[in-house]
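Chain and residue survey
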Amino acid sequence: MEGPLTPEKLASLLEYWYAFNVDRWYDNIKEYTFTTVFVSINKQEAEELIRLLEQNASSMQPTLFANIHASATLLNLASNIDEALEKFPNHKALIRLSSRSPKDAILGTVIDDHLDVLMRSYCATHTVDRKYVDTSELHPLLYIAAAKAMEVTNGQSAMDLLTNSFRVMEDLKNYLAHPSIFPLCIALREWVDIDPAMEFRCFVYEHNMTAISQYFHDCYFPDMVARKSVISDQIQTFWRAHIKHRLAYLVSYVIDVAVLHDHVRVIELNPFDSYTGTGLFSWVYHGDLLRGKKPFCFRTLDEPLPHINVWAQSKIRKSLQRITH
């Protein structure tokens, strides 16, 4: 969609994006994705969430839900989330809006705590030169720590994420501006520990899978690369047998999947457009491939990158310092 994003264009985009919200596709493929419990959000709850989100944003630092004087409305929403969590055997879930997750709200200290635990475990079984540490080898641990930071066990921890996310704030504002074409709810999804090497982003154009990319595109996973052909066949066979006909009403989409030992599960769906990330592909340079004008391609990082990003390097090095003092 070219040109400035006018209100009319935004409304059209929201109507299109709504088709990819979890609650829109879940019933069609619930046997092949993670168990999900939905919690409704009404106009007043959305307004009060936005008010708290704006307040937290203005403070320039994350604010824990337990440390504020929350309204009765938000306390009731937290209680509804508590009640929904009781439907999971271990009372653990990943929380998100039906549209997007609050992954931008992960509190730095929470990531650090999880990363330190993972780093201690890794160092107990591997030799790590703390002076000349290979941060690329440890990079996947950071993604595991970030995922663990998204795990919620009660309404309070869920609200910590929901009330510190710009993604949540943006989507709630769109919901209030266009309630008839972009309704939202909270989705609590069964918590499953997923190996970051086994997450993949798949591209479906006009009912055909055209490409697959490893999801964490800046990590080198040698064991996964060695099984690349088997994994490609496993994902494509799963999609053709269980997903393609059940999502036939969607012509084109981007679908994230996890390979869990002997089976595959759908993580989420995204629109097939430039707003969606492409992993190891590019909308600009690989547009013809993603649109099926070139042969199917499964792209993996086949050797470590010479450098990982500065933020990741810093996180890893600081964690090593913490666990050795």
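Notes on the structure in this doc start here.

The rules we used
Residues numbered from 1 in each chain as written. Predicted model: local features only at pLDDT ≥ 70, side-chain atom pairs only at ≥ 80, totals over all residues. Heavy atoms only, no water. Helix = DSSP H or I, 4+ residues; strand = E, 2+ residues; numbered from the N terminus. Rg over C-alpha atoms; globule rule 2.2 N^0.38 Å. Buried < 20%, exposed > 50% of the residue type's maximum accessible area, 1.4 Å probe, protein only. Contact = heavy atoms within 4.5 Å. Areas by Shrake-Rupley, 256 points an atom, 1.4 Å probe, with all protein chains shown as cover. Expected span 1.5 Å × (residues − 1). Arc of directions from axis to C-beta. Pairing = 2+ DSSP bridges. Axes fitted to C-alpha atoms, helices over the stretch in contact; angles between N-to-C directions. Core = buried A, V, L, I, M, F, W, Y, C linked by side-chain atoms within 4.5 Å. Salt bridge = Lys/Arg side-chain N within 4 Å of Asp/Glu carboxyl O.

A word on the overall build of the protein
The helix and strand tally for the protein stands at 12 helices and nine strands. Computed over the C-alpha atoms, the radius of gyration of the protein is 20 Å, within 12% of the 20 Å expected from 2.2 N^0.38 for a compact globule of 325 residues. Counting only C-alpha atoms and orienting by the principal axes, one finds that the protein spans roughly 55 × 50 × 45 Å. Within the protein, buried positions represent 51% of all 325 residues. In the protein, 77% of the contacts between residues at least 6 apart in sequence involve partners at least 24 apart. Summing over all exposed atoms, the protein offers an accessible surface of approximately 16,300 Å²; the carbon and sulfur share of this is 52%.

Remarks on helix α1 (residues 7-18)
The terminal C-alpha atoms of α1, which comprises 12 residues, lie 16 Å apart, in line with the 16 Å expected from a rise of 1.5 Å per residue. Of all the positions in α1, only A11, L13, L14 and Y18 are classed as buried. The buried residues of α1 occupy an angular sector of 165° when the element is viewed end-on, so they sit on one face.

Concerning the sheet that holds strand β7 (residues 253-260)
The five strands are arranged β8-β7-β5-β6-β9 in an open sheet whose pairing can be described as mixed. With one partner strand each, in any of the chains shown, β8 (263-270) and β9 (297-299) form the two edges of the open sheet. Neighbour-to-neighbour, the strand axes of this sheet turn through a mean angle of 25°, independent of strand direction. Both strand β5 (residues 199-205) and strand β6 (residues 208-214) contribute to a ladder of six bridges, which runs antiparallel. Bridge assignment links V204 to a residue of β6, and that residue is M209.

Digging into the pairing of β5
Summarising burial for β5: six of the seven residues are buried, a large majority. The pairing of β5 with β7 spans six bridges and is antiparallel. Residue pairing across strands places E199 opposite A258, the latter belonging to β7.

Brief notes about the nonpolar core
Counting 57 residues, the largest nonpolar core has L172 and L188 as the members making the most contacts within it. It is helix α4 (residues 72-85) that provides the largest number of residues to this core, a total of six residues. Apart from the residues within four sequence positions on either side, L172 is in contact with I41, A46, L49, I50, L53, L97 and L184. With 33 residues, the next largest nonpolar core counts A197, V204, F238 and I255 among its residues.

Looking at the sheet that holds strand β4 (residues 185-190)
Spatially, the four strands line up as an open sheet ordered β1-β4-β2-β3, and their pairing is antiparallel. For this open sheet the edge positions go to β1 (36-40) and β3 (151-152), each flanked by a neighbour on one side alone. Looking at chain direction, strand β2 (residues 93-97) and β4 are connected through five bridges and run antiparallel. Counted as the bridge partner of L97 is I186 from β4.

Describing the side chain of S101
Structurally, the position occupied by S101 is in the loop between β2 and α5 (108-125). Overall, the relative accessible area of 13% leaves S101 in the buried class. Residue contacts for S101: discarding those within four places in its chain leaves R96, M150 and R167.

Things to note about unusual backbone geometry
Of note in this structure, E206 is not a glycine but carries a positive phi near 50°. Following the sequence through the fold, E206 ends up in the loop between β5 and β6. Given the relative accessible area of 44%, E206 is considered partly exposed.

Focus: the pattern of salt bridges
When their charged atoms lie close together, side chains carrying opposite charge are able to pair. Under the criterion given, the structure shown has 12 salt bridges. With a shortest N-O distance of 2.5 Å, E47 and K43 are connected by a salt bridge. Note that E47 and K43 are positioned in helix α3 (residues 43-58) at a spacing of four residues, about one turn of the helix. In this structure, D112 and R322 form a salt bridge, with 3.8 Å as the shortest nitrogen-oxygen distance. Residue D112 is found in helix α5, and its partner R322 is found in helix α12 (residues 310-323); the two are separated by 210 residues along the sequence.

Observations concerning helix α10 (residues 228-243)
Helix length check: α10 (16 residues) gives 21 Å between terminal C-alpha atoms against 22 Å at 1.5 Å per residue, within 8%. Of the residues making up α10, those classed as buried are I231, S232, Q234, I235, Q236, F238, W239 and I243.

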